[in-house]
Amino acid sequence: MKTKTTTLLSALAALAVAGCGKAPETAPAENTTQPQAPAAAAESKQLSIYCWSEYIPQSVIDEFAARTGIKVSVENYASNEEMLAKLGAGGGNYDIIQPSEYVVEALVKENLLHPIDHSKIPNLKNLSPQFLNLPFDPGNKFSVPFMAGTVGIVWNTELITGDIKGFSDVFKPENKDKIVVLDDAREIVSWALLSQGIPVNDVSDGNLEKARGVLANWLPLVKVYDSDSPKTALLNGDVAIGVVWGGEGAILLNEDKKFRWAVPAEGTHLFIDSLAIPKDAKNVANAEAFMNFILQPEISKQISDAFPYTNPNLEARKLLTAEQLANPASFPTDEEIAKMETFKDVGAQSSKIDELVTSLKVQ
Ligand code: N2P
């Protein structure tokens, strides 16, 4: 379990002060549309990636390194807030980060991202228009969609017998100490808001108080908080039901027929996680080469094979099996998606969201 000591807002403020005075040392751009061509990085053969855990397979990193001669270092985080805290503390010197939609929005507002040269990323054409040009980054000037996905409920039918439709079926007294949830304050608060019919971005003080009332009952029932690998507690029988990332649910469904998945009836989060380049990145051309690389259909398919989220790459989807495409935790239906919400940057309220969950977790 991770303890968050820095909120989204304070991390952004620290990042604005610490991070971005330096001019980026962009490698000279190579005028090529060849997806496998290395970046022309005469002075640098390095790429430093800071990404979510269990999201970019090592085989994909190794293949990029082998094809380009670029040495790649990878570090992982378990939440957007953890990533921002590290950047804000001056750690890293990363060339690529992997923020969710509301964090792209916040980083763009604070002028903390490097614009992306679309001429270096011809494989952008493979992406579904559904995931491009969204309000958090109009024109995708600063972000390239990596994976989308949802948060849903997965349960072990050998241990949970009743029908599960929504959050109210998970957080019931009889499920005490049988529940795993994501260790992510913004997610947890969104479930409580949705249970009250409140849209996930309406985080006024009054609505957060309503969420507090709900979570004061829910969180004492939770046994495990885990954003890295919530499937583990379900697989080893430590818990019976969870609210987890879609890709984690999809792996469980593939693993054992005893697991079942539901998109919460109250509504849920549709996340869009993108690749972005911090403003002070040293290896911009290499970062753009990596973005173009992962958008190749065969590479993107490898990512889906390992981490079965909602792949926004339509050419890659053509390479997936019917079974992969039919996994309800990987690919929600259009009808389900229509009921989901993306998160927006909520400014100063983000600290209150973190504090709310932290205070209830420690009780
Ligand atoms: C991958 C985590 C998914 C991130 N392990 C959800 N925003």
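Remember, it's a predicted structure, so these values are computed and weren't measured experimentally. (Residues numbered from 1 in each chain as written. Predicted model: local features only at pLDDT ≥ 70, side-chain atom pairs only at ≥ 80, totals over all residues. Heavy atoms only, no water.)

### Here we look at the overall build of the chain
Operational definition: Put simply, DSSP H or I for four residues or longer makes a helix, DSSP E for two residues or longer makes a strand, and each gets a number counted from the N terminus. Here's how the labels work: a residue is buried when its accessible area is under 20% of the maximum for its type, exposed when over 50%, partly exposed in between, all with a 1.4 Å probe on protein chains only. We call two residues contacting when some pair of their heavy atoms lies within 4.5 Å.
In terms of regular secondary structure, the chain is built from 15 helices and nine strands. Per-residue burial for the chain yields a buried fraction of 57% across its 363 residues. Expressed as a percentage of contacts within the chain between residues at least 6 apart in sequence, the contacts between residues at least 24 apart total 76%.

### What about the nonpolar core?
Counted only if it meets this: Among the buried residues, those of types Ala, Val, Leu, Ile, Met, Phe, Trp, Tyr and Cys that are joined through side-chain atoms within 4.5 Å form a nonpolar core. A domain assignment, automatic or from a database, supplies the domain bounds used here.
In terms of nonpolar packing, the biggest core is built from 96 residues, with Phe171, Trp191, Phe290 and Ile294 touching the most fellow members. Both of domain 1 (8-148 + 272-330) and domain 2 (149-270 + 343-361) provide at least three residues apiece to this core. In terms of nonpolar packing, the next biggest core, distinct from the first, is built from 17 residues, Val224, Val263, Ala329 and Met340 among them.

### Things to note about the site of the ligand
The test is simple: Neighbouring residues are identified by heavy atoms, a residue being near a molecule or strand if any of them is within 4 Å of it. Two N or O atoms count as a polar contact when they lie within 3.5 Å, although within protein this holds only if one can serve as hydrogen donor and the other as acceptor, and sequence-adjacent residues are included solely when both atoms are side-chain atoms. Grid points spaced at 1 Å over the protein atoms alone were grouped into cavities, where a 1.4 Å probe fits but cannot get out, and pockets, open sets with protein on both sides within 12 Å along at least five of seven lines, with lining residues defined by an atom within 4 Å of a point. Assignment of a molecule to a cavity or pocket requires that more than half of its atoms lie within 2 Å of the corresponding grid points.
Lining the immediate environment of the ligand, one finds Trp52, Ser53, Glu54, Tyr55, Ser100, Trp245, Phe271, Asp273 and Tyr309. In the environment of the ligand, a nitrogen atom lies 2.5 Å from a nitrogen or oxygen atom belonging to the backbone of Ser53. Here a nitrogen atom of the ligand and a backbone polar atom of Glu54 are 3.3 Å apart. The site holding the ligand turns out to be the largest cavity.

### Looking at the pattern of salt bridges
Going by this rule: Throughout this description, the term salt bridge denotes a Lys or Arg side-chain nitrogen within 4 Å of a carboxyl oxygen of Asp or Glu.
Enumeration over the complete set of coordinates arrives at 16 salt bridges. With its nearest N and O atoms 3.7 Å apart, the salt bridge here joins Glu174 to Lys172. Asp183 is the partner of Lys361 in a salt bridge, and the nearest nitrogen-oxygen pair spans 2.5 Å. Taken together, the positions of Lys361 in helix H15 (residues 349-361) and Asp183 in the loop between strand S5 (179-181) and helix H6 (185-195) put the pair 178 residues apart, joining distant regions of the chain. A relative accessible area of 24% places Lys361 in the partly exposed class. Members of the salt-bridge network, linked through shared partners, are Glu54, Lys231 and Glu248.

### Looking at helix H11 (residues 297-306)
Threshold: Directions pointing from the helix axis toward each C-beta atom define the arc.
If you check which residues of H11 are buried, you get Pro297, Ile299, Ser300, Ile303 and Ser304. Relative to the axis of H11, the buried residues are bounded by an arc of 165° and lie together on one face. Buried-residue contacts for H11 involve helix H2 (58-68), strand S4 (144-156), helix H10 (284-294), helix H12 (314-317) and helix H13 (322-326).

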